[in-house]
Amino acid sequence: MPAPTWPPDPKEAFKLTAREYGVDPADLGMDPDDDQQAEQAILAAFLFKNPGRQLTTGEKVGLGLDETRRSMAAWLAMVTGRRFPIAPSDPAATDGNVIFLPQALPPPLEHTDSLLFRAMALLQAGFLQHGVLNSQAVLRSIYDDWVLRSCFHLLAARYVVGRWSAAYPGIARDFRATAILDKAAIMRVNLTVVPTQGMPAAFKPLYKGLLAGENWREAGPEAAAAQRAVAAVDAITRQQAAIPVILGQARRLREAYRRMHLGPPPAPYFTGILRPEWMLALRAHDQAAEDAWKQGPTPLRQLRAAVATQGHSGGLSRKGPRGGLGLRQFIKKKVRRTLQGPGEPGELARSPAYGELRDQYRSRQHSPSPGSWTPEASWQELVDIPPAAGHEDGVPYDEWDPSSGTYRLAACRVLDRPAQAGPADSYHRLVQANRGPITQVRRAFQALRQEERWLHGRPEGSDIDIDRVIASFCDVHSGMEPDRNIYMSFQREREQVAILVMVDLSGSTVGRVIHLEQEALVILAEGLRTLGFPHAFYGFHNHGPRACQMERIKGFDEQYGEPVFKRMGNLQPGGATRLGAFIRHGAHLLSQQPQSRRIMLVLSDGRPEDRDGYRGRQGIEDSAMAVHEAQRLGVHIHCTSLDPSTGAPEYLGRIFGRGRFLVLPDVDPLPRKLPQVLRGLIR
Amino acid sequence: MVYYRPIGQETALFETAASHKLPVLLKGPTGCGKTRFVRFMAQRLNRPLITVACQEDLSAADITGRFVLEKGSTIWRDGPLTRAVRQGAICYLDEVVEARADVLTVLHPLSDDRRILPLERLGEELTCPDDFLLVISYNPGYQSVVRELKESTRQRFVSISFHYPPPEVEAEIVAREAGCDADLAKTLVELGHATRRLRSHGLREGASTRLLIYAATLTVSGLPLKTACQATIVDSLTDDSDILQALRDLIHSVMG
């Protein structure tokens, strides 16, 4: 691709970007003479795509992200107080939760590369930490105007660098050091590198301070707008003023550049790019999910509409007028009567909407689908219809209702059944691929098992306990019955501990998480086989309160063999996380073990959540109560969570208690970390 | 005079509990000032303090006492707990969850309304004088299943929770203890505060106030600040190479 020349007008810049995506701009049907149209055509086609560049085999690169990711994430957490997962994508960006950084820096490998990575991470985190991207209105403003977005980006970067530098002297020095790096100063429009030479004077003041050198001093009339913008941003003293000032100045700049027929000012490599579309998409998704919840499952809405057309709408509401008969009870009664009595077609059953519902219900009765949850599939739980035949088999558990301060009796059912078996070679492949970690874990667990220490005051043993002999001698002299426990014995094996490992298999674990969970389980299983303590592995997920499935991967009494290998190598995610039910069942299983010490290790990736209102406070408080109940049964529970959200420590602390959970915002270390956690609990 | 900077209501709580002869449980992370607090309170209440550092081999006989041979005859020698009961002292069992289970059994009749210490070997039962006070401490951050305090034990005590002090107070403590200037103390506290953000995310505990005081003390004695921080904070907190690197980077970020 030929390097662009200055001035890159909008059309030129858009054409280049289109080529980056492998699309001919002519195919977009835009008018090459209309800047506005060109922008819109490009934006419409590409806004939601990630131009992320993948490294090609053999490509020369600088420092790789993987080499520094873990320590950088820890450093970033300490500096910002927030835990940002770090994932690869070029240019550097954020979606509001994750910090994306290039898979590797440009060559050559230099000792300053880690500094550059830190500066990039800190800048993206700063966009969130210092409130620059927190406003929905700002995101919308910069969303569909690329030039405005670029102006906003550079001014915001300037503001963020200033804020961090004021807070930490070392960071101020780091940013000054970054400013002189050649790599940091690579200018790009998206991924296209553009020359510094010949850059329009109107852009240059935007880089002064962000980048070192004389290149960015410009005093001509064209630079006046940028100079004013930069001065205004530098004068910000209060965070509340930041957004209005930066956005206002960016708009003025945008207008100035429009008059000069200039496209977006390029961004220095280390500043990455802004992705308001990602953040808006995530927020829109969350909002849509919230709205759907508020409205209830689709069939229920249809049912409600059907009921309304039958003339019952007058007093129907969730609050339960009509002499205390609320919609929920009304529907339950009607549906139950109709389903149970084929010869009693009620008025409800005559409605077309109800006919569809009945079919759905009946089809679920015969073939309960363990796939992903849909609102349509869970309507029966919402109206509390008696569950399908197969679902009545589970173990009923009460649930804690924090709003009333009472238990809901038999509110859920847990089905304890063998997990689905897959091909056995999957397990063996994972063992092969993890030979190194498995050897380490076996060695560590072996050391645990063979803890060696002298036990004093034993009735028999391999050596005499001098202190006890003296004590006994004294007893004899004092006319007392001497203690006969005067030996010391050498303990080689410690007291056994019953261990239950429970793995979250809810739908949110699809993809990399489930793969790493599986890898972690295999490594842990190999370690536990060495240890020889009684242990079991279960997966858990549910499809409503009456179908909480505890998938038995390996039971306490089960030996390792092909059936276990086939199940462990075939974890299938889907459904929700009704955590309280699973903890209660896990505690029940452990309480049946003869060992006095019992450990439940829970591996989860998010909040307790189900589709019938079991979320938020309800989910957390019921789970916390379940943990409390388990503790009363002598079960020690520890949770390893893969939830990267900022609120994770708070709700995990509420559920499991201080010091009884570990958050891994980055899932990659999971296979290595899980055995360490268990070892720490047993030691 | 032992220096202790009160953070909340802990001194009032302790005094009131002591005046009603109620045993006290102190819980909090390592190095946050639990032991110092007990020393301070003992001085304030003008009572002797007997401290026992509990460890896994500590048995009931070790704290109550045993017969020993002396000049051909046996004599009884009181353990620290018995001594404390006889003297009307404060007996402080530090990190009590580390001790053997029989130690906790001995504590039970001492920590309810009976306030007695049975000495089976002597055939005696000591009744505690009014000034005797039992104080135990533990760190709930322990994750080991074998290091938990049983309900039956913890429900006999008035509990006082300790946390790391607010930054400005912690800086005051560091400056006072190490004899350093306020700027150095503020920088170290900022560093310590940042490390605590990594608790449960790579570190079991963040840097304690005690470690910050050590760092300040070494610095005041002439060692370069970064060397002092490396020795007292970085290397004391972890052996994980990535987290070590993150801590080194943090020191660089905070101190420049």
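The structure contained in this document is the topic of the report that follows. Predicted, not measured: the structure shown is a model, and the values here were computed from it.

A short note on the overall build of chain B
A tally of regular secondary structure across chain B gives 11 helices and 9 strands. Put simply, 72% of the contacts in chain B that link residues at least 6 apart link residues at least 24 apart. Element-wise, carbon and sulfur atoms account for 48% of the exposed surface of chain B, whose accessible area totals about 11,100 Å².

Digging into the overall build of chain A
When helices and strands are counted, chain A shows 23 helices and 17 strands. Relative to all contacts within chain A whose residues are 6 or more apart in sequence, the contacts with residues 24 or more apart total 72%. Entry remark: accessible area of chain A is about 29,300 Å², with carbon and sulfur atoms responsible for 51%.

Notes on the environment of Phe37 of chain B
All names here are of chain B. Note that Phe37 resides in helix α2 (residues 34–45). A relative accessible area of 0% means that Phe37 is categorised as buried. Linking Phe37 and Leu26, residues 11 residues apart in sequence, is a C-alpha distance of 9.5 Å.

As for the pattern of salt bridges
A full pass over the atoms with the stated rule returns 38 salt bridges over all chains. With a shortest N-O distance of 3.2 Å, Arg70 of chain A and Asp242 of chain B are connected by a salt bridge. Separated into two different chains, Arg70 of chain A in helix α3 (residues 65–80) and Asp242 of chain B in helix α11 (residues 241–255) make up a pair that spans both. Arg70 of chain A gets classed as buried once you look at its relative accessible area, which sits at 18%. Note that Arg615 of chain A is salt-bridged to Glu609 of chain A, the shortest N-O span being 3.9 Å. Overall, Arg615 of chain A belongs to the partly exposed group, its relative accessible area being 24%.

So, the interface of chain A and chain B
Often, the extent of an interface is quoted as the loss of accessible area upon association of its parts. Taken together, the 46 residues of chain A in the interface contact 43 residues of chain B. With both sides pooled, the region where chain A packs onto chain B buries about 4,000 Å², and carbon together with sulfur makes up 51% of that total. Taken together, chain A and chain B are joined by 3 salt bridges. There are 10 residue pairs in polar contact (both at pLDDT 80 or more) connecting chain A and chain B. Taken together, the elements giving at least two residues each to the side of chain A that touches chain B come down to α3, α7 (169–179), β9 (453–458), α17 (466–477), β15 (597–604), β16 (635–641), β17 (661–663) and α23 (670–682) of chain A. Take the side of chain A that touches chain B: its biggest share by element is 8 residues, from α3 of chain A. Class assignment for the residues of the side of chain A that touches chain B results in 21 nonpolar, 11 polar and 14 charged.

Here's the deal with the pairing of strand β7 (residues 124–127) of chain B
All names here are of chain B. Bridge count between strand β6 (residues 116–119) and β7: 4 bridges; the pairing is antiparallel. Residue Leu117 lies in a different strand from β7, and its bridge partner there is Leu126. Where β6 folds back on β7, the antiparallel hairpin that results is connected by 4 residues, among which Gly123 adopts a positive phi of roughly 65°.

Here's the deal with the packing of aromatic side chains
The full count for this structure, using the stated rule, is 12 aromatic pairs over all chains. Relative to Phe37 of chain B, the ring of Phe14 of chain B has its centre 5.4 Å away and its plane inclined at 90°; by these criteria the two rings are edge-to-face. Pair noted here: Phe14 of chain B is in helix α1 (residues 10–19) and Phe37 of chain B is in helix α2, with a separation of 23 residues, a long-range link. Since its relative accessible area comes to 0%, Phe14 of chain B is described here as buried. Ring pairs connect the aromatic residues Tyr4, Phe14, Phe37, Phe40 and Phe162 of chain B, which therefore count as one cluster. Sitting above the plane of the Tyr560 of chain A ring, Arg529 of chain A keeps its charged end 4.7 Å from the centroid. Across from the ring centre of Tyr164 of chain B, 3.8 Å away, lies the NZ or CZ of Arg196 of chain B, which sits over that ring.

Thoughts on the sheet that holds strand β12 (residues 497–504) of chain A
All names here are of chain A. Spatial ordering of the open sheet is given by β7-β8-β14-β13-β12-β15-β16-β17, a layout of 8 strands whose pairing is mixed. The sheet is open, and its two edges are formed by β7 (395–401) and β17, each paired on a single side. Direction aside, the axes of adjacent strands within the sheet are offset by 25° on average. Judged from the 7 bridges that link them, β15 and β16 form a sheet pairing that is parallel. Bridge pairing in β16 places Arg598 opposite Val635. Relative to the sheet, helix α22 (residues 648–656) contacts β16 and β17, its axis offset from that of β16 by approximately 170°. Docked against the sheet, α23 engages β12, β15, β16 and β17, running at close to 155° with respect to β15.

Thoughts on the side chain of Arg158 of chain A
All names here are of chain A. With respect to the secondary-structure elements, Arg158 resides in helix α6 (residues 146–167). Relative accessible area serves as the criterion here: at 13%, Arg158 is assigned to the buried category. Ignoring any residue separated from it by four or fewer positions in sequence, one finds Arg158 in contact with Pro205, Leu206, Lys208, Gly209, Leu210, Val230, Val233 and Asp234.

Comments concerning the sheet that holds strand β2 (residues 93–94) of chain A
Residue and element names in this part refer to chain A. If you walk across this open sheet you meet the 3 strands as β1-β3-β2, and the pairing is mixed. Edge positions in the sheet fall to β1 (86–88) and β2, since each has one partner strand and no second. Sheet analysis places β1 next to strand β3 (residues 99–101), joined by 3 bridges and oriented parallel. Following the sheet pairing, Ala87 is matched in β3 by Phe100. The strands touched by α3 within the sheet are β1 and β3, with β1 carrying the most contacts at an inclination of about 155°.

Quick look at unusual backbone geometry
A cis amide bond links Asp90 of chain A with the next residue in sequence, Pro91 of chain A, at an omega value of 5°. One can find Pro91 of chain A in the loop between β1 and β2. The amide bond that connects Pro107 of chain A to the next residue, Pro108 of chain A, takes the cis arrangement and shows omega of 0°. Relative to the assigned elements, Pro108 of chain A resides in the loop between β3 and α4 (113–129). Residues other than glycine seldom take positive phi values, yet Ala410 of chain A does so here, at roughly 45°. Among the structural elements, Ala410 of chain A can be located in strand β8 (residues 406–418). Positive phi outside glycine occurs at Arg115 of chain B, with the angle close to 50°. Take Arg115 of chain B: it is sitting in the loop between α5 (101–110) and β6. Overall, Arg115 of chain B belongs to the buried group, its relative accessible area being 10%.

Considering the pairing of strand β1 (residues 24–27) of chain B
In this structure, β1 of chain B lies alongside strand β8 (residues 133–138) of chain B, joined through 4 bridges in parallel fashion. Its bridge partner lying in β8 of chain B, Lys27 of chain B is registered against Tyr138 of chain B.

Description of the nonpolar core
All names here are of chain A. Leu101, Phe152, Leu155, Ile246, Leu253, Tyr257 and Phe270 are the most contacted members of the largest nonpolar core, which totals 114 residues. Ranked by residue count, the leading element in this core is α6, at 13 residues. Among residues more than four places away in sequence, those in contact with Phe152 are Val132, Leu133, Val138, Ile142, Ile246, Leu247, Ala250 and Leu274. Counting 45 residues, the second-largest nonpolar core is a separate cluster that includes Val497, Leu531, Leu603 and Leu662.

Observations regarding the side chain of Arg196 of chain B
Residues and elements named next belong to chain B. Within the fold, Arg196 resides in helix α8 (residues 182–196). Assessed through its relative accessible area of 15%, Arg196 is described here as buried. Within the local environment of Arg196, its side chain forms a polar contact with the side chain of Glu170, the two groups lying 2.6 Å apart. There is a polar contact of 2.9 Å between the side chain of Arg196 and the backbone oxygen of Ala207. Setting aside chain neighbours within four positions, we find Arg196 in contact with Tyr164, Glu170, Gly206, Ala207, Ser208, Thr209 and Leu212.

The rules behind the values
Residue indices follow the written sequence of each chain, beginning from 1 at its first position. Written order decides the labels, with chains lettered from A and ligands numbered from 1. Only residues with pLDDT of at least 70 get local features here, since the model is predicted, and only at 80 or more are side-chain atom pairs given and counted; chain-wide, interface and lining totals rely on the full set of residues. In computing side-chain properties, one takes all heavy atoms of the structure into account and sets aside hydrogens as well as water. Put simply, DSSP H or I for four residues or longer makes a helix, DSSP E for two residues or longer makes a strand, and each gets a number counted from the N terminus. Contact between two residues is taken to exist if any of their heavy atoms lie within 4.5 Å; hydrogens are not considered. Per-residue and other accessible areas were derived by the Shrake-Rupley procedure at a 1.4 Å probe size, with only the shown protein chains allowed to occlude residues. Each residue's exposure class comes from its accessible area (1.4 Å probe, protein chains only) as a fraction of the maximum for that residue type: buried when under 20%, exposed when over 50%, partly exposed otherwise. A carboxyl oxygen of Asp or Glu within 4 Å of a side-chain nitrogen of Lys or Arg is what we treat as a salt bridge. Throughout, the accessible surface (probe 1.4 Å) given up by two parts as they are put together, summed over both, is called the buried area. Polar contact criterion, stated in full: a pair of N or O atoms within 3.5 Å, where within protein one must be able to donate a hydrogen and the other to accept it, and residues adjacent in sequence count only if both atoms are side-chain atoms. Charged means Asp, Glu, Lys or Arg here, nonpolar means Ala, Val, Leu, Ile, Met, Phe, Trp, Tyr, Cys or Pro, and polar covers whatever is left, Gly included. Note: two strands are recorded as paired if DSSP finds a minimum of 2 bridges between them. Aromatic pairing here means that ring centres of Phe, Tyr or Trp (its six-membered ring) are within 6.5 Å. Orientation follows from the plane angle: under 30 degrees is stacked, over 60 is edge-to-face, and everything else is tilted. A ring is scored as having a charge over it whenever the NZ atom of a lysine or the CZ atom of an arginine sits within 6 Å of its centre and within 35 degrees of its normal. All axes are obtained by fitting lines to C-alpha atoms, using only the stretch in contact for helices, and the reported angles, taken between N-to-C directions, cover 0 to 180 degrees. Here, nonpolar core means buried Ala, Val, Leu, Ile, Met, Phe, Trp, Tyr and Cys residues that are tied together by side-chain atoms lying within 4.5 Å of each other.

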